[in-house]
Each structure stands twice: as C-alpha cells, then as structure tokens.
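The primary structure of each chain is shown beneath.
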Amino acid sequence: MASVAYKNRTRDEIIAAFRESIRKKHEWQEQAEQEILKIGQERLQQT
C-alpha cells in the first residue's frame, strides 16, 4: 500500500524528492556544526 505522499508520483520523482531531503539534512547538519563552533569560540573568548 503506497503512502499518500507517493500517490501519483513516478519512481524518478520519489527518488529525486528523497535525495533532496537528504541534501537538506546535510545542509542543516553543516549549519548546526558551524553554529556550535561559533558558540564555542565565543565562550573561549569570554574566559
């Protein structure tokens, strides 16, 4: 049974959407890591 999200989508469209979601996740992870480093550096400068 196909999910509603997959209804009326071709296999290629589903694969493209999946890859895009992975790309966005990696992008978010990189931004989060940069923010963590920035916070760490600010704390070091304060001490």
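Residues numbered from 1 in each chain as written. Predicted model: local features only at pLDDT ≥ 70, side-chain atom pairs only at ≥ 80, totals over all residues. Heavy atoms only, no water.

A. Expanded view of the pattern of salt bridges. Counted according to the given criterion, the structure contains 2 salt bridges. Arg23 is the salt-bridge partner of Glu20, the closest N and O atoms lying 2.5 Å from each other. Of this pair, Glu20 and Arg23 both sit in helix H1 (residues 11–46), 3 residues apart, which is roughly one turn of that helix. Residue Arg23 is joined to Glu27 by a salt bridge in which the shortest nitrogen-to-oxygen separation is 2.6 Å. Of the two residues, Arg23 and Glu27 are both situated in helix H1; the distance of 4 residues between them amounts to about one turn of the helix. Residue classification places Arg23 among the partly exposed positions, given a relative accessible area of 40%. (Salt bridge = Lys/Arg side-chain N within 4 Å of Asp/Glu carboxyl O. Helix = DSSP H or I, 4+ residues; strand = E, 2+ residues; numbered from the N terminus. Buried < 20%, exposed > 50% of the residue type's maximum accessible area, 1.4 Å probe, protein only.)

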